[in-house]
Amino acid sequence: MAKTKRVAAFILAAITIFCLAAGVKHSGAYTLYTLATAKRKLPIYSVEREDKKIAISFDCAWGVEHTDELLSTMEKYNVKCTFFAVQFWIEKYPDYAKKIVGKGHGLETHSKTHPKMSKLSRDEIKAELTSSKAAIEKVTGRIVTLFRPPYGDYNDKVITCAEESGLYPIQWDVDSLDWKDLSADKIAARVLKKVKSGSIILMHNNGLHTAESLPLIFGPLLADGYEFVRIDDLIYKENYEIRSDGAQIKK
């Protein structure tokens with residue numbers, strides 16, 4: 001107990017010193033409480049829901065070698081998904097962008113140049129989002145409403161800029177690690193172990209064994225009553241909060 005009190009006192013003293021150094025003029029108790037309880041802004045990692053709706057997503061930055069197989073498999077299982085594409089991918093493969101949207105899948109922005117967004121200024125972040133959003137809309141005619149930060153890298157500034165640009169920032173709670181060239185069996189095992197109602201699954205359109213893993217994922221989950229939907233059909237668009245674990249919940 002004494003040790004716990006010492007730790008608490010140390011933290012309180014550190015915050016007090018910070019306040020003095022920053023020239024904070026508010027009342028001490030209120031300022032300390034505000035600083036101690038300040039919440040980091042988060043993207044949507046998953047959605048709290050009980051209807052067994054889930055979303056599978058594919059990041060597109062390089063290549064299309066396996067994309068036709070992905071689309072064919074999803075059509076076979078009547079699965080809808082969401083692709084997050086970088087602008088230079090859209091410009092290089094406009095026919096695939098049109099094909100994805102034509103088959104009823106979502107196509108959203110993954111930035112213009114695939115940078116670490118947290119390292120950019122506000123103006124640079126806004127330029128990445130505005131340019132990539134416009135490129136997708138020009139090719140497909142589909143309005144872009146979602147953004148996934150490259151590398152999963154973000155901070156408060158990135159999330160705020162996305163929201164100001166009319167975009168819902170999206171992360172994931174199930175990482176397939178398909179980019180590590182795991183076998184189809186291992187990819188599927190990771191997904192099946194972690195998925196739950198409201199999950200967002202991360203995959204990549206050009207993973208070596210990604211397409212091969214899809215039947216191993218779709219079969220068991222569909223048989224268990226799960227429904228794959230686009231992320232824009234999974235998330236809540238208003239009256240929601242983001243929990244500390246990144247789960248989006250209704251207010």
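Relevant structure appears above.
## Examining the nonpolar core
Piece 1. In terms of nonpolar packing, the biggest core is built from 64 residues, with I56, M74 and F83 touching the most fellow members.
Piece 2. Setting aside residues up to four positions removed in sequence, M74 forms contacts with F58, V79, C81, F83, H105, L214 and F218.

## A word on the sheet that holds strand β1 (residues 46–47)
Piece 1. If you trace the 3 strands from one edge of the open sheet to the other, you get β1-β11-β10, paired in mixed fashion. Both edges of this open sheet fall to β1 and β10 (240–242), since each of them pairs with a single strand only.
Piece 2. Of the strand pairs in this sheet, β1 and strand β11 (residues 247–250) are connected by 2 bridges, and their pairing is parallel. Within β11, the position partnered with S46 by the bridge is A247.

## Some points on the pattern of salt bridges
Piece 1. This structure, assessed with the given rule, holds 16 salt bridges.
Piece 2. Between E75 and K103 there is a salt bridge, with the nearest N and O atoms lying 3.4 Å from each other. One end of the pair, E75, is in helix α3 (residues 67–76); the other, K103, is in the loop between α5 (94–102) and β4 (106–109), with 28 residues separating them in the sequence.
Piece 3. Looking at E75, the relative accessible area reads 56%, which means it is exposed.
Piece 4. In this structure, K133 and E137 form a salt bridge, with 2.8 Å as the shortest nitrogen-oxygen distance. Linking K133 with E137, this pair stays in helix α6 (residues 122–140), spanning 4 residues, or about one helical turn.
Piece 5. When its relative accessible area of 22% is taken as the criterion, E137 is described as partly exposed.
Piece 6. Three or more residues are tied together by salt bridges with common partners; here these are E108, R142, R230, D232 and D233.

## Some words on α6
Owing to its 3.6 residues per turn, the α-helix aligns residues three or four sequence positions apart on the same side.
Piece 1. The end-to-end C-alpha distance of α6 is 27 Å, a good match for the 27 Å that 19 residues give at a rise of 1.5 Å each.
Piece 2. All of the buried residues along α6 are I125, E128, L129, S132, K133, A135, I136 and T140. The buried side chains of α6 occupy one side of the element, clustering within an arc of 160° when seen end-on. For α6, the exposed residues set more than 90 degrees away from the buried face come down to D123, T130 and K138.

## Digging into the packing of α3 against α5
Piece 1. For the pair α3 and α5, the least separation of the axes is 11 Å and the interaxial angle reads 10°. If you check the angle between α3 and α5, you find them roughly parallel. Between α3, through T67, D68 and L71, and α5, the contact on the second element is made entirely by Y96, K99 and I100.
Piece 2. Tallied by class, residues from the contact of α3 with α5 come to 3 nonpolar, 1 polar and 2 charged.

Calculation rules
Residues numbered from 1 in each chain as written. Predicted model: local features only at pLDDT ≥ 70, side-chain atom pairs only at ≥ 80, totals over all residues. Heavy atoms only, no water. Core = buried A, V, L, I, M, F, W, Y, C linked by side-chain atoms within 4.5 Å. Buried < 20%, exposed > 50% of the residue type's maximum accessible area, 1.4 Å probe, protein only. Contact = heavy atoms within 4.5 Å. Pairing = 2+ DSSP bridges. Helix = DSSP H or I, 4+ residues; strand = E, 2+ residues; numbered from the N terminus. Salt bridge = Lys/Arg side-chain N within 4 Å of Asp/Glu carboxyl O. Expected span 1.5 Å × (residues − 1). Arc of directions from axis to C-beta. Axes fitted to C-alpha atoms, helices over the stretch in contact; angles between N-to-C directions. Parallel < 35°, antiparallel > 145°, perpendicular 65-115°, else oblique. Nonpolar A, V, L, I, M, F, W, Y, C, P; charged D, E, K, R; others polar.

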